[in-house]
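Structure assessment
Given next are the chains, with one letter for each unit.
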Amino acid sequence: MRIAVDPSKCQGHNRCMIFAPDVFEVDDYGFATVQDPAGTVPEERVEAVRTAVANCPELAISVLED
């Protein structure tokens, strides 16, 4: 699984950080980004990331299935 955060949609709620703080990070402006530049999610974190995606109020996180 790979993910991406659309910076034009992210409003900085950072709910994703609650569920997967080891996958997401916050930039200097308070918006979420993905720690891994390729967007790869470790297998053991897939469920947490799916929860983060479901809780994004702006639908800014896209899932890119491998």
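The numbers attached to residues start from 1 for each chain and follow its sequence in the written order. At least 70 in pLDDT is required for a residue's local features to be given in this predicted model, at least 80 for side-chain atom pairs to be given and counted, and no such filter applies to totals for whole chains, interfaces and linings, which use all residues. Excluding hydrogens and water, the side-chain values take into account all heavy atoms of the structure.

**Description of the overall build of the protein chain**
Of the regular secondary structure elements, the protein chain holds two helices and four strands. Starting at the N terminus, helices and strands are each numbered in turn, a helix being any DSSP run of H or I of at least four residues and a strand any DSSP run of E of at least two. The linear arrangement of helices and strands in the protein chain, starting from the amino end, is β-α-β-β-α-β. All radius of gyration figures rest on C-alpha atoms, and the globule criterion is 2.2 Å times the number of residues raised to 0.38. In terms of C-alpha radius of gyration, the protein chain reaches 10 Å, essentially the compact-globule figure of 11 Å for 66 residues. Pairs of residues are marked as contacts when any of their non-hydrogen atoms sit within 4.5 Å. Sequence separation of at least 24 residues holds for 60% of the intrachain contacts in the protein chain that already meet a minimum separation of 6. Put simply, the protein chain shows about 4100 Å² of open surface, and 50% of that area lies on carbon and sulfur atoms. The sign given to each residue is positive for Lys and Arg and negative for Asp and Glu; His and the chain ends receive no count. Charge coordinates come from a single atom per side chain, which is NZ of Lys, CZ of Arg, CG of Asp or CD of Glu. Across the protein chain, the mean location of the 5 positive side-chain charges is 6 Å away from that of the 12 negative side-chain charges. Areas reported as accessible are Shrake-Rupley estimates using a 1.4 Å probe. Residue values count occlusion only from the protein chains shown.

**Digging into helix α2 (residues 46-54)**
The cut-offs for exposure are 20% and 50% of the maximum accessible area for each residue type, with area from a 1.4 Å probe on protein chains only; residues under the lower value are buried, those over the upper are exposed, and the others partly exposed. The set of residues buried in α2 consists of Val46, Ala48, Val49 and Ala52. Buried residues in α2, looked at end-on, bunch into an arc of 160°, giving them a common side. Exposed residues lying more than 90 degrees from the buried face of α2 are Glu47 and Ala54. Each element contacted by the buried residues of α2 is listed here: β1 (2-5), α1 (15-19), β2 (24-26) and β4 (61-64). To be clear, the arc concerns the directions from the helix axis to the C-beta atoms.

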